[in-house]
Amino acid sequence: MYTVTCIAPVNIAVIKYWGKRDENLILPINDSISATLDTEQLCAKTTIMASPDFENNQIWLNGKEETINKRLQNCLQEMKKRAQIGNDVLQWKIHICSENNFPTAAGLASSAAGYACFASALAKLYKVEGDISAVARAGSGSACRSTMGGFVRWHMGTDPKGNDSIARQIAPANHWPEMRILILVVKDDRKKVSSAEGMKRGVETSELLKYRAEFIVPKIANQMEKAILEKDFQQFAKLTMKDSNQFHAICRDTYPPCAYMNDVSQLAVELVHAYNSTVNETRVAYTFDAGPNPTLYLLEKNVPEFSAILDYFFPSSKDAVVEYKKGIPISSIKLSEDLLKKMTVNQQPPGQFKYIIHTRVGEGPKILKNGEHHLLNNHGLPVKGFMTN
């Protein structure tokens, strides 16, 4: 038997992917750009075992056995086409066990991390070299961006077969070491309308979506790439927030509408704008994927103050049962009374956020060579994983 275990990162888009021109090949209607997040704080972990003794392909996701869906089958078939290993091994069935150390299907890009991890582990198993972003894309569109670290652009391409719809790294993880990310977890249950359904509905019904894809994204994607390369946070932040706002306007323009943000999401938007206005500088940028959880981009030097702002205006619940601040430790500071007086927002009741994750831009997928990390035992059955939530 052969066993491979891999971890892969989440990515959070600053120029959104929303809408497919080909549902089967998962080809987007516009380019998108994202930052890959550090696997120390957010990742998917997948073990794949191939054995001549297995009777069927099987998968366990977050401790529960699931069916092998069409997208997983597509990834497997695409990787087998590229395989550099004996035909006998290619005929063996595989067992897959995958877990996330963060909420699944809550708008935190769990499918991107999961399919990037699956594709990376398959590549190792079948000895596939080179770019695998197109294979990951066959599982989940944004997964192609999670196959590499740093800042990544997924090019929509023009080939009807999707051969040029691949991800390319704009800059490595160490390009902008001062960049930090705060993820504010509002809700961690499953969203009512999946991203796949929301996109399909949007392509069919939203005129705004068509206009954005054709006229707006080609321009702002190039502007965003330039801002990243030049480490221009002011431009980066402005483009990020405007694109997020436009994306959610399109979700509302969809018929029937998709509402991914909630009242707490909107309060977080107001807080960011109030803070930036008070300090007379854009220090924090928000973005929302297809969920209510704000992802905030800011520079390392501004994390302690804005973290204190969050603590003041969105205090944690006194009876919280989970660690409230996760990830990279944040220094505590005392806010000036003058700053608080100038803020034009109200304090909220405790417990609006379940917890906060502080992370940075990170590297792409990594193979774990120590057998202790495997999620499957020698019989190909799940062992206790690493989930922390």
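Residues numbered from 1 in each chain as written. Predicted model: local features only at pLDDT ≥ 70, side-chain atom pairs only at ≥ 80, totals over all residues. Heavy atoms only, no water.

For the structure shown, the criterion picks out one cavity of 30 Å³ or more. In this structure, the largest cavity spans a volume of roughly 30 Å³. Forming the walls of the largest cavity are Asn 57, Ile 68, Leu 72, Leu 76, Ile 94, Ile 96 and Phe 118. At the level of elements, helix H1 (70-81) and strand S9 (93-100) are the ones that each hand at least two residues to the lining of the largest cavity. Classifying every residue of the lining of the largest cavity gives six nonpolar, one polar and no charged. (1 Å grid on protein atoms, 1.4 Å probe; cavity = no way out; pocket = protein on both sides within 12 Å on 5 of 7 lines; lining within 4 Å. Points joined across faces, edges and corners; volume = space filled by probe spheres on them. Helix = DSSP H or I, 4+ residues; strand = E, 2+ residues; numbered from the N terminus. Nonpolar A, V, L, I, M, F, W, Y, C, P; charged D, E, K, R; others polar.)

Attention now goes to the packing of aromatic side chains. Enumeration over the complete set of coordinates arrives at 13 aromatic pairs. Look at Tyr 17 and Trp 154: their rings are 4.7 Å apart centre to centre, the planes differ by 65°, and that puts the pair in the edge-to-face class. Of this pair, Tyr 17 sits in the loop between strand S2 (11-15) and strand S3 (20-22) while Trp 154 sits in strand S10 (residues 151-154); the two residues are 137 residues apart in sequence, bridging distant segments of the chain. Owing to a relative accessible area of 0%, Trp 154 belongs among the buried residues under this scheme. In this structure, Lys 326 is placed above the aromatic ring of Tyr 355, and the distance from its NZ or CZ to the ring centre is 4.7 Å. (Phe/Tyr/Trp six-rings, centres within 6.5 Å; stacked < 30°, edge-to-face > 60°. Buried < 20%, exposed > 50% of the residue type's maximum accessible area, 1.4 Å probe, protein only. Lys NZ or Arg CZ within 6 Å of the ring centre and 35° of its normal.)

What follows covers the confidence of the model for the protein chain. Taken as a whole, the protein chain shows an average pLDDT of 94; of its residues, 96% reach a score of 70 or greater. The low-confidence segment residues 385-389 (pLDDT under 50) makes 16 contacts with residues lying over four places distant or belonging to another chain. (pLDDT = per-residue confidence, 0-100. Contact = heavy atoms within 4.5 Å.)

Moving on to the sheet that holds strand S6 (residues 43-51). Strand order in the open sheet made by the six strands is S8-S7-S9-S6-S1-S17, with mixed pairing throughout. The open sheet has two edge strands, strand S8 (64-66) and strand S17 (366-367), and neither has a second partner. As paired strands, strand S7 (residues 58-61) and S8 are joined by three bridges and run antiparallel to one another. Residue pairing in the sheet places Trp 60 in a bridge with Glu 65 of S8. (Pairing = 2+ DSSP bridges.)

As for its position among the elements, Asn 101 is in the loop between S9 and helix H3 (110-125). There is a polar contact of 3.3 Å between the side chain of Asn 101 and the backbone oxygen of Gln 41. From its side chain, Asn 101 meets the backbone nitrogen of Cys 43 in a polar contact 2.8 Å long. (Polar contact = N/O pair within 3.5 Å; in protein donor to acceptor, adjacent residues only side chain to side chain.)

Let's shift gears to the environment of Gly 362. Its location among the elements puts Gly 362 in the loop between strand S16 (355-360) and S17. The spatial distance from the C-alpha of Gly 362 to the C-alpha of Asp 38 is 3.9 Å, given a sequence separation of 324 residues.

To continue, consider the sheet that holds S16. Working definition: the strands of a sheet are paired by backbone hydrogen bonds and lie parallel or antiparallel to each other. The five strands are arranged S13-S14-S12-S16-S15 in an open sheet whose pairing can be described as mixed. The open sheet has two edge strands, strand S13 (284-287) and strand S15 (325-327), and neither has a second partner. On average, each strand axis in the sheet is tilted by 25° relative to the strand beside it, whichever way the strands run. As paired elements, S13 and strand S14 (residues 295-299) share four bridges and run antiparallel to each other. The partner of Thr 287 across the bridge, within S14, is Thr 295. Strands in contact with helix H8 (residues 263-278) are S13 and S14; relative to S13, the strand with the most contacts, it is inclined by about 160°. (Axes fitted to C-alpha atoms, helices over the stretch in contact; angles between N-to-C directions.)

The subject of this paragraph is the pairing of S7. Bridge analysis of S7 against S9 gives four bridges, and the strand direction is parallel. Across the sheet, the residue bridging to Trp 60 is Cys 97, located in S9. The turn linking S7 back onto S8 is made up of two residues, and Asn 62 within it adopts a positive phi angle of 50°.

Omega for the bond connecting Tyr 255 with Pro 256 falls within 30 degrees of zero, at -10°, which places this linkage in the cis form. Structurally, the position occupied by Pro 256 is in the loop between helix H7 (233-253) and H8. Unusually for a residue other than glycine, Asn 62 sits at a positive phi of about 50°. Relative to the helices and strands, Asn 62 is located in the loop between S7 and S8. Its relative accessible area of 24% is what places Asn 62 among the partly exposed residues. The phi angle at Asn 280 is positive, at roughly 60°, despite the residue not being glycine. Among the secondary structure elements, Asn 280 is positioned in the loop between H8 and S13.

Time to look at the nonpolar core. Counting 102 residues, the largest nonpolar core has Tyr 126, Phe 236, Phe 306 and Ile 309 as its most contacted members. When residues in this core are grouped by element, the largest group, ten residues, is from H3. Among residues more than four places away in sequence, those in contact with Tyr 126 are Leu 76, Met 79, Lys 80, Ala 83, Gln 84, Ile 85, Leu 90 and Ile 94. In terms of nonpolar packing, the next biggest core, distinct from the first, is built from 19 residues, Ala 167, Val 193, Met 199 and Phe 247 among them. (Core = buried A, V, L, I, M, F, W, Y, C linked by side-chain atoms within 4.5 Å.)

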